[in-house]
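Spelled out from the first residue to the last, the chains are:
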Amino acid sequence: MSQILLIIDILYNIYFVMIIFYVLMSWLPNVRDSFIGELLGKLVEPYLTPFRRIIPALFGTIDISPIIALFVLEFAKNGLQYLVIYLF
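Residues numbered from 1 in each chain as written. Predicted model: local features only at pLDDT ≥ 70, side-chain atom pairs only at ≥ 80, totals over all residues. Heavy atoms only, no water.

Colleague: Quick rundown of a nonpolar patch on the surface? Include the residues and the values.
Modeller: Residues Met1, Ile4, Leu80, Tyr82, Leu83, Ile85, Tyr86, Leu87 and Phe88 make up a contiguous nonpolar surface patch of about 1000 Å² in total accessible area. Looking at the nonpolar patch, the element that brings in the most residues is helix 3 (residues 65-87), giving six residues. Within the fold, Leu87 resides in helix 3. (Patch = residues over 30% accessible without salt bridge, like charges linked within 9 Å, V, L, I, M, F, W, Y side chains within 5 Å. Areas by Shrake-Rupley, 256 points an atom, 1.4 Å probe, with all protein chains shown as cover. Salt bridge = Lys/Arg side-chain N within 4 Å of Asp/Glu carboxyl O. Helix = DSSP H or I, 4+ residues; strand = E, 2+ residues; numbered from the N terminus.)

Colleague: Describe the packing of helix 1 (residues 2-25) against helix 3, and please don't skip the residues or the numbers.
Modeller: For the pair helix 1 and helix 3, the least separation of the axes is 10 Å and the interaxial angle reads 175°. Comparing their axes, helix 3 and helix 1 come out roughly antiparallel. Facing helix 1, whose interface residues are Ile4, Leu5, Ile8, Asp9, Tyr12, Tyr15, Phe16, Ile19, Ile20 and Val23, helix 3 presents Pro66, Leu70, Leu73, Glu74, Lys77, Leu80, Gln81, Val84 and Ile85. Of the residues in the contact of helix 1 with helix 3, the class split is 15 nonpolar, one polar and three charged. (Axes fitted to C-alpha atoms, helices over the stretch in contact; angles between N-to-C directions. Parallel < 35°, antiparallel > 145°, perpendicular 65-115°, else oblique. Contact = heavy atoms within 4.5 Å. Nonpolar A, V, L, I, M, F, W, Y, C, P; charged D, E, K, R; others polar.)

Colleague: How would you sum up the pattern of salt bridges? Please name residues and give values.
Modeller: For the coordinates displayed, the defined rule picks out four salt bridges. The residue Asp9 makes a salt bridge to Lys77 at a minimum N-O spacing of 3.5 Å. Here the residue Asp9 occupies a position in helix 1, and Lys77 occupies one in helix 3, the gap between them amounting to 68 residues. You can call Asp9 partly exposed: its relative accessible area is 27%. Residue Lys77 is classed as buried on the basis of its relative accessible area, which comes to 12%. (Buried < 20%, exposed > 50% of the residue type's maximum accessible area, 1.4 Å probe, protein only.)

Here it is, written out as structure tokens:
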């Protein structure tokens, strides 16, 4: 059981870092056009898109949807871990 919890935690940490890097890449010009930027975009954008549709940008430029998406991802990880603990 502890191995399953460890795998869930590792996958969460990897995706968390991917989202952080993707958000930070938006501050640098032409970085999202690189191979890594496009790869991260393909992996992260499907998760961030629903949050961007629901939460509008503040003042037209500040996008807080990744912050909310990270909170939801944390809640999902905790819920999945509690579910695994309950089932096993």
